[in-house]
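One-letter residues, chain by chain:
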Amino acid sequence: MASRRSFVKKSISLVAPLSLSTVTLKAIAEDVSDALLTLSKTDSSRMNNDEELWARLAQAYTVSPSILNLNNGGVSPQPKVVQDAVDRYYHYSNEGPTYYMWQILDKGREPLRRKLADLAGTSAEEIAVNRNTTEALATVTWGLTLSKGDEVVMTKQDYPNMIHAWKQKELRDGISIKWLNFKLPVENADEFIKGFVDATTPRTRIWHITHMINWTGQILPVKRLCEEARKRNIISIVDGSHTFAHLDFKIPDFSPDYFGTSLHKWLCAPFGTGMLYVRKENIAGLWPLFPNDKPQGADIRKFEALGTRSFAPEQAIGQAIDFHLAIGSKRKEERLHYLKKYWCEKVMQHPRIKLNVSLKPEFSCALGNFSIEGIEPERVASKLFSEYQIHTSPIKWENISGVRITPHVYTTTKDLDRFVDAVLKIASV
Ligand SMILES: Cc1ncc(COP(=O)(O)O)c(C=O)c1O
């Protein structure tokens, strides 16, 4: 095995970046499958720091060797097996679009729904396949019937698209938003519960809960929040854009009324794929954005009447699920947490560097955020890119100011050493 690995390494360096020969591609594929097999057979906590194994797994991706991408929080790259499936389905569709798309590929929608439901731990009858979290949660915001004066509790740290949707509803329908403003990081779950409870009045109908706040990676105690909402007869809407296939959970663990996510983030599914979960008893009462002939029906498929779209990305979600399951949800979460902690513990030693994220697994996972005293985040990110070719995400939002760093399963500790080195140099000038 060792000699094959060195052969793979050697052949990559010989041919990259022009093209990979069939033999090399085959060797890489074997290497990736060896790594996945080893992962599946070994206790997860022992795998977190097996760098050689994760480096082999990284070959499943086709990421650029010239930049170090630490903004996987924005959108994730797809493993090659997923990209190939999209290409295949796309070419297939072009052989006769209405026949191959509508009569052949569309037949894959029901098995896909069951696969997603298995991963989410729900009934397939509660899962709608769509394009992203924005679409999933807009379906809920616009589909719920609220009256003038009804109140929604949400935070200033929620995602802008959701904030904009609720603000438009406030303008149009006269509902009222009660804003919470948290100073992150928070390491006491009670602080979030108290915030939501204290903002609640007899007119409160909805708690909009972001499972993981994108700006810093802060995790909210979503199980307790959904329980508290239920006790008060309040609808819970969970924005799970950043947590699905990132944290190891099933949706019924916290039983929200509605949950939306983007599959092109942590699942590494094709760009423009997402999912909406609606608890069975809520389906009939939620109006679809694009109605079918039974907008008040109880069939989850009423949320999929989008019209003609490309079926190729949707169908390739299946390959992304298989790849994710081959790693394992728990192993993936633990490795991602390990990577975040790895760089954070190194940079936090510097007197000018402050972490804006908790290191505790219940409050954060892959995403992290740091700031350097006296240097604006934009400037830090721009230096990281122009001087070190490291791509990051500078953040200035409400009371948050820092650079967001998001490794993924293909990121190695060697990559992070390069990043840490660059940050320490920038901080030391
Ligand atoms: C918390 C959160 N919600 C929603 C979204 C929107 O996701 P999308 O653009 O895939 O709809 C994002 C995107 O980063 C996010 O971080």
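What you see is a predicted model, and the numbers here were worked out from it, not measured in a lab.

Conventions used here
Residues numbered from 1 in each chain as written. Predicted model: local features only at pLDDT ≥ 70, side-chain atom pairs only at ≥ 80, totals over all residues. Heavy atoms only, no water. Disulfide = S-S within 2.5 Å. Buried < 20%, exposed > 50% of the residue type's maximum accessible area, 1.4 Å probe, protein only. Pairing = 2+ DSSP bridges. Helix = DSSP H or I, 4+ residues; strand = E, 2+ residues; numbered from the N terminus. Axes fitted to C-alpha atoms, helices over the stretch in contact; angles between N-to-C directions. Contact = heavy atoms within 4.5 Å. Domains from an automatic or database assignment.

Would you take a moment to explain the state of the cysteines for this structure?
A covalent bond bridging the sulfur atoms of two cysteines is what the word disulfide describes. Enumeration according to the criterion identifies zero disulfides in this entry. Take Cys226: it sits in no disulfide, and the sulfur closest to it among the cysteines is that of Cys365, at 19 Å. By relative accessible area, Cys226 is classed as buried at 0%. Considering cysteine sulfurs only, Cys365 is the nearest to Cys268, which forms no disulfide, with 13 Å between them. On the basis of relative accessible area, Cys268 is assigned to the buried category, the value being 1%.

How should I be thinking about the sheet that holds strand S3 (residues 151-155) in this particular structure?
What links the strands of a sheet is backbone hydrogen bonding, and the strands pair in either a parallel or an antiparallel sense. Spatial ordering of the open sheet is given by S2-S8-S7-S6-S5-S3-S4, a layout of seven strands whose pairing is mixed. Both outer strands of the open sheet, strand S2 (127-130) and strand S4 (176-180), are each paired with one neighbouring strand and no more. Averaged over all pairs of adjacent strands, the angle between their axes in this sheet comes to 20°, without regard to strand direction. Running at roughly 145° to S4, helix H8 (residues 160-173) makes contact with S3, S4, strand S5 (204-210) and strand S6 (235-239) of the sheet.

I'm lost on the domain arrangement of the protein chain in this one. Help?
Bring the parts together and some accessible area is lost; that lost area is often taken as the interface size. Taken domain by domain, the protein chain consists of domain 1 (1-41), domain 2 (59-71 + 328-429) and domain 3 (85-323). Summarising the inter-unit geometry, the C-alpha centres of domain 1 and domain 3 are found 38 Å apart.

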